[in-house]
Amino acid sequence: MRYILIGRGKMGRLLQETARAAGDQVEAAFGREDLDQLGRLGKVADVVIDFSRPEALPEICSYVRRTGTALLSGTTGYTSDQLRELQALGSAAPVLWSANFSLGVAVLARALRDVTGVLRPEFDIEVTEVHHNQKTDAPSGTAKLLVEAMDPRQELTPVYGRQGQTGRRNREEIGIHALRGGTVAGTHTVHFFGPDEELEFTHRAASRQIFVNGALRVARLLPGRANGIYDLENILFGE
Ligand SMILES: NC(=O)C1=CN([C@@H]2O[C@H](COP(=O)(O)OP(=O)(O)OC[C@H]3O[C@@H](n4cnc5c(N)ncnc54)[C@H](OP(=O)(O)O)[C@@H]3O)[C@@H](O)[C@H]2O)C=CC1
Ligand SMILES: O=C(O)C1=N[C@H](C(=O)O)C[C@H](O)C1
């Protein structure tokens, strides 16, 4: 497989190392300073893999539209307009965006879809996410993904942290709390607080390697697919 990487940070470097060790070719890897060179590049790879920042999206979209190269993106922190832009890019190439490429989180999202309807409205839901002190967006893309799995129709009101005279907790709230520190690769816990009982689900990433392995595994499946937006769960579980 031949890749173009966008982002040469923590994820970009590990992707490069892992892809090369597997015998794949990284044709080019761009960062903030030289991303404009993408505008002069032809179709030289099977997949563009993006783990960078939302600001890189316009350059990536114009490259994918011009060359039809498949795109796998794991960048988080997009606005809803930017997410719509990514969706629209599916008309030009096979596109897959996911806030988390680990198998564990994909399984957790499925499990939450099943249990939430049974536990609500008696159980209050609060989500905590913990990440390293270099992370620049909050809450994490994964926390948003888990909330979306539990509340697909957006009936609950997200509450980000609490302070002051907040009053009693409203049943329609879903608390989302971001902790930052050290080198934590990513820990997500969904708490269900019920009358006299609690249930919690935690996914703990021990390293970034799980995201890299997941991304490279799925990237192989994109070239040759029809143009469109692909969903990680559909690809992993074949539904
Ligand atoms: N979906 C998933 O499974 C995962 C997603 N992520 C997400 O991936 C993204 C990257 O994470 P991580 O590698 O830890 O972050 P880093 O901060 O380590 O690296 C970010 C990289 O993006 C580059 N960059 C920043 N701005 C631009 C720009 N405007 N154009 C092009 N490149 C740019 C930086 O370039 P430079 O070095 O030149 O400044 C850097 O190489 C984040 O959004 C993170 O949340 C992370 C892990 C897993
Ligand atoms: O920035 C990170 O490191 C991570 N970002 C993703 C997110 O925002 O959910 C995925 C993972 O948790 C690591």
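Below is a summary of the structure that appears in this document. Computed from a predicted structure; not experimentally measured.

**What about the sheet that holds strand β8 (residues 173-180)?**
Phase 1: One open sheet accounts for five strands, arranged β7-β8-β6-β9-β10; its pairing is mixed. Lying at the two open borders of the sheet, with one neighbouring strand each, are β7 (157-160) and β10 (197-204). Each strand axis lies, on average, 20 degrees off the axis of its neighbour in the sheet, ignoring direction.
Phase 2: Sheet strands in contact with helix α4 (residues 103-119) are β9 (187-194) and β10, and its direction is about 165 degrees off that of β10.
Phase 3: Against the sheet, helix α5 (residues 141-150) makes contact with β6 (124-131), β7, β8 and β9, and its axis sits at roughly 160 degrees relative to β6, the strand it touches most.

**Structural notes on the site of ligand 1**
Phase 1: Surrounding ligand 1, one finds 28 residues, the nearest of these being G9, M11, G31, S52 and G74.
Phase 2: Of the residues forming the shell around ligand 1, the biggest block, three residues, is contributed by helix α1 (residues 10-21).
Phase 3: By residue class, the composition of the shell around ligand 1 is nine nonpolar, twelve polar and seven charged.

**Here we look at the packing of α4 against α5**
Phase 1: Put simply, α4 and α5 touch, their axes get as near as 8 Å, and they point 30 degrees apart. Regarding the angle of α4 to α5, the classification is roughly parallel. In the crossing of α4 with α5, the sense of the turn from one axis to the other is right-handed. Seen from α4, the contacting residues are V105, L108, A109, L112, R113 and T116; seen from α5, they are T142, L145, L146, A149 and M150.

**Notes on the site of ligand 2**
Phase 1: As a structural note, the neighbourhood of ligand 2 is formed by T76, A99, N100, H131, K135, S140, G141, T142 and G186.
Phase 2: Taken together, the residues of the shell around ligand 2 sort by class into one nonpolar, seven polar and one charged.
Phase 3: Taken domain by domain, the shell around ligand 2 gets at least three of its residues from each of domain 1 (2-101 + 209-237) and domain 2 (103-204).

**Here's the deal with the pairing of strand β3 (residues 47-50)**
Phase 1: The side-chain alternation of β3 yields two buried faces, one formed by V47 and I49 and the other by V48 and D50.
Phase 2: Here strand β1 (residues 2-6) pairs with β3 via four bridges, running parallel. For Y3, the partnering residue across the bridge sits in β3 and is V47.
Phase 3: Assessed by its sense of winding, the connection that carries the chain from β3 through helix α2 (residues 57-67) to strand β4 (residues 70-73) is right-handed.

**Overview of the packing of α1 against helix α6 (residues 209-219)**
Phase 1: Packing of α1 against α6 brings their axes to within 10 Å, and their N-to-C directions diverge by 60 degrees. In terms of orientation, α1 and α6 fall into the oblique class. By crossing handedness, the relation of α1 to α6 is classed as right-handed. Between α1, through M11, L14, L15, T18 and A19, and α6, the contact on the second element is made entirely by Q209, F211, V212, A215 and L216.

**With respect to α1**
Phase 1: If you check α1, its first and last C-alpha atoms are 17 Å apart, about what twelve residues at 1.5 Å a residue would give, namely 16 Å.
Phase 2: The complete set of buried residues in α1 reads M11, G12, L15 and A19. Along the long axis of α1, the arc covered by the buried residues comes to 95 degrees, so they all point the same way. What points out from α1, more than 90 degrees from its buried face, is the exposed set R20 and A21.
Phase 3: Check the buried side of α1 and you find it contacts β1, β2 (25-30), β3 and α6.
Phase 4: Just downstream of α1, G23 is the residue with a positive phi angle, here 90 degrees.

The rules behind the values
Residues numbered from 1 in each chain as written. Chains lettered and ligands numbered in written order. Predicted model: local features only at pLDDT ≥ 70, side-chain atom pairs only at ≥ 80, totals over all residues. Pairing = 2+ DSSP bridges. Helix = DSSP H or I, 4+ residues; strand = E, 2+ residues; numbered from the N terminus. Axes fitted to C-alpha atoms, helices over the stretch in contact; angles between N-to-C directions. Contact = placed C-beta atoms within 7 Å. Near = placed C-beta within 6 Å. Nonpolar A, V, L, I, M, F, W, Y, C, P; charged D, E, K, R; others polar. Parallel < 35°, antiparallel > 145°, perpendicular 65-115°, else oblique. Left-handed = near helix turned anticlockwise from the far one by under 90°. Domains from an automatic or database assignment. Buried ≥ 20, exposed ≤ 12 C-beta atoms within 10 Å, placed from the backbone. Right-handed = clockwise from strand over helix to strand, strands pointing away. Expected span 1.5 Å × (residues − 1). Arc of directions from axis to C-beta.

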